[in-house]
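Here are the chains, one letter per residue:
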Amino acid sequence: MISISLCMIVKDEEKVLARCLDSVKDAVDEIIIVDTGSRDGTKEVAGGYTGYIYDFPWQDDFSAARNEAFSKASMEYCMWLDADDVLPGGSAEKLLQLKAELPTDTDMVMMPYEMIFDEKGNPGFSYYRERLVRNNGRYLFQGRVHEAIPISGKVLYREIPVHHRKEEEKDSKRNLKIYQSMEKAGEPFDSRALYYYGKELLVHGQYEKSIRILKKFLQQKEGWVENQIDGTRQLAWCYEQIGEKRKTLQALLKGLEYDVPRAETCCALGRYFAHERKYSQAVYWYQQAFQAPKNARSGAFIQEECYGFLPAISLCVCYDRMGQFELAQHYNELAGQYQPQSPWYLKNKEYFSQMRQKK
């Protein structure tokens, strides 16, 4: 059986740290806590679970902090979690089973990272992360923000989900500030940093600059294809926000250059044409969303509703606008199969019921 060091970086996490550690403590052999400047009771909470608590001055560099935590690990493998992560029911047991069964030549284990949950606990957004890595000094985080460990060696995928359940946003501009300081200092941006910088600018409403950064990213040949595809959608959103309709469409169509369209792109195209009241074209793209391949292990950010509920509820609206009420009702019922408690589905259901009563 392999041994695991859980390695965490924390700052002012007294409200959620115990929840995280309670969910994982029985499945790991060592807990390493690196505190980057807490002013609350975070270290006191951590002390109830481990004696391995270290201070590390914050340097506006997530990789530096995470790699510091890895450097303190003494077990065969390192596992990382954020304080607002939690192993849901069953994941700890699966992790224990993995420890017993993991081939000894494994270098990295990818696990689903799930977030933004509906009322039934189903994730709205998911992707795979490098969650467990061999502790040999070769597998380290890179990037000051949105840090990641480059995938290499013998990699296994296991269905052991980790839930990200953020309780509050402490500093929504933290990542943006780091990128801005890098830019001011003249630090080089690789393609991945450009992609995430563009997204941070978008989130904070700086659409013009986000456009410039995302276009620069898309010009980089070494960019990862899934980021490139997503980057075209982010670029389209920026153009939409500043009223550039033609460029919005051009950005979405550029996404087709990289690979067959993902359902997220199909839905974005459907939405564009629906807003233009070109419902036949919108229907085409929403129908394509049902046919789009979903490769959860690609590492792409998967918007789950784009592979079922969203195209169904959107087709309901489009067919209603086209006067094809039977098809509209059909797709509303299909949407209800994906999300039976959706207020849009329930409101549409009432609408169609009233229509039948008037006949």
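Criteria and cut-off values
- Residues numbered from 1 in each chain as written.
- Predicted model: local features only at pLDDT ≥ 70, side-chain atom pairs only at ≥ 80, totals over all residues.
- Heavy atoms only, no water.
- Helix = DSSP H or I, 4+ residues; strand = E, 2+ residues; numbered from the N terminus.
- Rg over C-alpha atoms; globule rule 2.2 N^0.38 Å.
- Buried < 20%, exposed > 50% of the residue type's maximum accessible area, 1.4 Å probe, protein only.
- Areas by Shrake-Rupley, 256 points an atom, 1.4 Å probe, with all protein chains shown as cover.
- Axes fitted to C-alpha atoms, helices over the stretch in contact; angles between N-to-C directions.
- Parallel < 35°, antiparallel > 145°, perpendicular 65-115°, else oblique.
- Left-handed = near helix turned anticlockwise from the far one by under 90°.
- Contact = heavy atoms within 4.5 Å.
- Phe/Tyr/Trp six-rings, centres within 6.5 Å; stacked < 30°, edge-to-face > 60°.
- Polar contact = N/O pair within 3.5 Å; in protein donor to acceptor, adjacent residues only side chain to side chain.
- Pairing = 2+ DSSP bridges.
- Core = buried A, V, L, I, M, F, W, Y, C linked by side-chain atoms within 4.5 Å.
- Arc of directions from axis to C-beta.
- Right-handed = clockwise from strand over helix to strand, strands pointing away.

Asker: Would you explain the overall build of the protein chain in this entry?
Answerer: Looking only at helices and strands, one finds 14 helices and ten strands in the protein chain. Since a compact globule built from 359 residues should have a radius of gyration of about 21 Å, the 23 Å found for the protein chain is in line with a globular shape. Within the protein chain, buried positions represent 49% of all 359 residues. Carbon and sulfur atoms form 48% of the exposed surface of the protein chain, whose accessible area is close to 17,900 Å².

Asker: I tried to follow the packing of helix α12 (residues 309-321) against helix α13 (residues 325-338) on my own but got confused; where do I start?
Answerer: What describes two packed helices is the angle between their axes and the distance between those same axes. Remark: α12 packs on α13, axes separated minimally by 7 Å, with the N-to-C direction vectors making an angle of 160 degrees. One element, α12, and the other, α13, form an angle in the roughly antiparallel class. Classified by chirality, the crossing of α13 by α12 is left-handed. Residues Phe 309, Ala 312, Ile 313, Leu 315, Cys 316, Tyr 319 and Asp 320 of α12 form the contact with α13, whose participating residues are Phe 325, Leu 327, Ala 328, Tyr 331, Asn 332, Leu 334, Ala 335 and Tyr 338.

Asker: Just to check I follow, could you spell out the packing of aromatic side chains for this structure?
Answerer: The geometry of an aromatic ring pair is captured by two quantities: the separation of the ring centres and the angle between the planes. Taken as a whole, this structure holds 19 aromatic pairs when the rule is applied. Between the aromatic rings of Tyr 195 and Phe 217, the centroid separation amounts to 5.4 Å while the plane-to-plane angle is 40 degrees, which identifies the pairing as tilted. Pair noted here: Tyr 195 is in helix α6 (residues 191-203) and Phe 217 is in helix α7 (residues 207-218), with a separation of 22 residues, a long-range link. Judged on exposure class, the residue Tyr 195 and its partner Phe 217 are both buried.

Asker: Is there a simple way to explain the side chain of Thr 50 in this structure?
Answerer: Tracing the chain through its elements places Thr 50 in the loop between α2 (42-47) and β3 (53-55). With a relative accessible area of 9%, Thr 50 lands in the buried category. At a separation of 2.7 Å, a polar atom in the side chain of Thr 50 contacts the main-chain carbonyl oxygen of Ile 31. Not counting residues up to four positions away in its chain, the partners in contact with Thr 50 are Ile 31 and Ile 33.

Asker: Can you help me understand the pairing of strand β7 (residues 123-134) in this one?
Answerer: Remember that side chains alternate between the two faces of the sheet whenever the strand is regular. Within β7, nine of the twelve residues are buried, which leaves the element mostly enclosed by the surrounding structure. Two elements, strand β6 (residues 108-117) and β7, share nine bridges in a ladder whose sense is antiparallel. Bridged to Pro 112 within β7 is Tyr 128. Where β7 meets strand β10 (residues 302-303), two bridges bridge the pair, whose relative direction is antiparallel. In the strand pairing of β10, Phe 125 is matched with Gln 303.

Asker: Can you walk me through unusual backbone geometry in this structure?
Answerer: Glycine aside, the phi torsion of most residues is negative, and most peptide linkages are trans. In this structure, Asp 12 takes a positive phi of about 55 degrees despite not being glycine. Along the chain, Asp 12 falls in the loop between β1 (4-10) and α1 (17-24). In this structure Asp 12 comes out as partly exposed when scored by relative accessible area, which is 26%. Phi at Arg 277 is positive, roughly 60 degrees, even though this residue is not glycine. Secondary-structure assignment places Arg 277 in the loop between α10 (263-275) and α11 (279-291).

Asker: Looking at this structure, how should I read the nonpolar core?
Answerer: Nonpolar side chains in soluble globular proteins tend to end up buried together. Core analysis: the largest hydrophobic core is formed by 110 residues, its most contacted members being Leu 6, Met 8, Met 79, Leu 95 and Leu 132. Among all residues touching Leu 132, those that are not within four sequence positions of it are Ile 2, Ile 4, Tyr 77, Cys 78, Met 79, Leu 98, Asp 107, Met 108, Val 109 and Met 111.

Asker: How do you make sense of the packing of α12 against helix α14 (residues 343-358) when you look at a structure like this?
Answerer: Closest axis-to-axis distance for the α12/α14 pair is 11 Å, and the angle between their directions is 30 degrees. One element, α12, and the other, α14, form an angle in the roughly parallel class. In the crossing of α12 with α14, the sense of the turn from one axis to the other is left-handed. Along the contact surface, α12 presents Ile 313, Cys 316 and Asp 320, while α14 presents Trp 344, Tyr 345, Asn 348, Tyr 351 and Phe 352.

Asker: Looking at this model, I keep getting lost on helix α5 (residues 174-184). Mind explaining?
Answerer: Note that an α-helix has 3.6 residues per turn; residues three or four places apart therefore point the same way. All of the buried residues in α5 are Asn 175, Leu 176, Ile 178, Tyr 179 and Met 182. In a view along the axis of α5, the buried residues occupy a sector of 160 degrees, so they form one face of it. The secondary structure elements touched by the buried residues of α5 are α3 (62-71) and α6. Within two residues after α5, Gly 186 carries a phi angle of roughly 75 degrees, on the positive side.

Asker: It is not clear to me how the pairing of strand β2 (residues 30-35) should be interpreted in this structure. Could you clarify?
Answerer: The element β2 is extensively covered by neighbouring structure, given that six of its six residues are classed as buried. Residues Glu 30, Ile 32 and Val 34 line one face of β2 and the alternating positions Ile 31, Ile 33 and Asp 35 line the opposite face, and both faces are buried. As defined by bridge partners, β1 adjoins β2 across six bridges and the pair is classed as parallel. Along β2, the bridge assignment pairs Val 10 with Asp 35. Each parallel crossover has a hand, and the one from β1 via α1 to β2 is right-handed. Relative to β3, β2 runs parallel, the two being bridged by three bridges. Along β3, the bridge assignment pairs Asp 35 with Asp 55. Assessed by its sense of winding, the connection that carries the chain from β2 through α2 to β3 is right-handed.

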